[in-house]
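Residue-level listing of the chains:
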Amino acid sequence: MAQKSEEDDKVRLDKWLWAARFYKTRALAKAAIESGKVHCRGERCKPGKEPRIGDEFQIRTGFEERTVKVEALSIVRRGAPEAQALYTETEASVAKREAAAAMRKAGALSVSTDGKPSKKQRRDLFKFRGSSNDN
């Protein structure tokens, strides 16, 4: 479990997200917060916000969006099991992520094509665009 000290009471949000292993570096955590990928109570956060135990955050990383509740504070990045003890994910968030992952796996959200265009199709594309392939 994460050790708690007096300095852990005042931890920055970007440092906590890094310690909880949502982002690989603190700079990435700060950039995500500034670009609006982290919300607290429906509002955008700032990197210097001090999370408190019991706060609920919506965090977007890649394709996934998680809703997590802060369980403990830490400024030290440790192993994954200890980092997972810093938060709990809501049941609705877990179900939503699993449904989205299943849809991605089924190919429902991706663009499907017939594959690579043939030589004739490429010539037709070049002709349509008005450029030649004699470069």
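An unreviewed UniProt entry lists the chain under the name Heat shock protein 15, with Pseudomonas serboccidentalis given as the organism. On record in UniProt, under Sequence similarities (unreviewed entry), the comment for the chain is "Belongs to the HSP15 family."

Q: Just checking my understanding: could you explain the pairing of strand β3 (residues 56–61) for this structure?
A: Note on strand geometry: in a regular strand, side chains alternate between the two faces of the sheet. Residue alternation in β3 divides its side chains into a buried set, F57, I59 and T61, and an unburied set, E56, Q58 and R60. Where strand β1 (residues 38–40) and β3 come together, three bridges link them in antiparallel fashion. By the bridge assignment for β3, V38 is matched with I59. The pairing of β3 with strand β4 (residues 64–70) spans six bridges and is antiparallel. By the bridge assignment for β4, I59 is matched with R66. Linking two consecutive strands that pair antiparallel, namely β3 and β4, is a turn of two residues; a positive phi of about 65° is found at G62 within it.

Q: Hey, could you run me through the pattern of salt bridges in this one?
A: Opposite charge on two side chains makes pairing possible when the charged atoms of those side chains draw close. For the structure on display, the rule yields nine salt bridges. Where R26 meets D14, a salt bridge forms, and the shortest distance between an N and an O atom there is 3.4 Å. In this pair, R26 is assigned in helix α2 (residues 26–34) and D14 in helix α1 (residues 13–19), connecting sequence segments 12 residues apart. Take D14: its relative accessible area is 2%, and that puts it in the buried class.

Q: How should I be thinking about the environment of E56 in this particular structure?
A: Along the polypeptide, E56 turns up in strand β3. When its relative accessible area of 37% is taken as the criterion, E56 is described as partly exposed. On a C-alpha basis, the gap between E56 and E89 in space is 9.3 Å, while along the polypeptide they are 33 residues apart. Residue contacts for E56: discarding those within four places in its chain leaves H39, C40, R41, T67, V68, K69 and T90.

Q: How do you make sense of the sheet that holds β4 when you look at a structure like this?
A: Strands in a sheet are paired, the pairing made by backbone hydrogen bonds, and the direction either parallel or antiparallel. Taken together, the five strands give an open sheet; going across it, the order is β2-β1-β3-β4-β5, and neighbouring strands pair in antiparallel fashion. Among the strands making up the open sheet, the edge pair consists of β2 (43–44) and β5 (87–89). Along the sheet, helix α4 (residues 91–106) contacts β4 and β5; its crossing angle with β4, the most-contacted strand, is approximately 165°.

Q: Even after reading the chapter, I still don't get a positive patch on the surface, so can you show me in this structure?
A: A cluster of like positive charges, contributed by K116, K119, R122, R123 and K127, occupies part of the molecular surface. With respect to the element layout, K116 can be found in the loop between α4 and α5 (119–129). On the basis of relative accessible area, K116 is assigned to the exposed category, the value being 73%.

Q: Even after reading the chapter, I still don't get the nonpolar core, so can you show me in this structure?
A: Buried together is how nonpolar side chains tend to be arranged in soluble globular proteins. Ranked by size, the top nonpolar core spans 22 residues in total, and within it W16, L17, F22, Y23, V38, F57 and I59 carry the most contacts. Of all the secondary structure elements, the ones that give two or more residues to this core are α1, α2, β1, β3 and β4. If you tally residues by element for this core, the top one is α1, at four residues. Contacts of I59, omitting those with residues within four sequence positions, involve L17, F22, Y23, K37, V38, E64, E65, R66 and V68.

Q: What should I look at first to understand α2 in this one?
A: Spacing of three or four residues puts side chains on the same side of an α-helix, whose turn is 3.6 residues. For α2, every residue scored as buried is listed here: A29, A32 and I33. Down the axis, α2 shows its buried residues gathered within 100° of arc, on one side only. Just beyond α2, the residue with positive phi is G36, at close to 85°.

Cut-offs applied
Residues numbered from 1 in each chain as written. Predicted model: local features only at pLDDT ≥ 70, side-chain atom pairs only at ≥ 80, totals over all residues. Heavy atoms only, no water. UniProt positions renumbered as here; feature names shortened; annotations may be inferred. Buried < 20%, exposed > 50% of the residue type's maximum accessible area, 1.4 Å probe, protein only. Helix = DSSP H or I, 4+ residues; strand = E, 2+ residues; numbered from the N terminus. Pairing = 2+ DSSP bridges. Salt bridge = Lys/Arg side-chain N within 4 Å of Asp/Glu carboxyl O. Contact = heavy atoms within 4.5 Å. Axes fitted to C-alpha atoms, helices over the stretch in contact; angles between N-to-C directions. Patch = residues over 30% accessible without salt bridge, like charges linked within 9 Å, V, L, I, M, F, W, Y side chains within 5 Å. Areas by Shrake-Rupley, 256 points an atom, 1.4 Å probe, with all protein chains shown as cover. Lys, Arg positive; Asp, Glu negative; His and termini not counted. Charge placed at Lys NZ, Arg CZ, Asp CG, Glu CD. Core = buried A, V, L, I, M, F, W, Y, C linked by side-chain atoms within 4.5 Å. Arc of directions from axis to C-beta.

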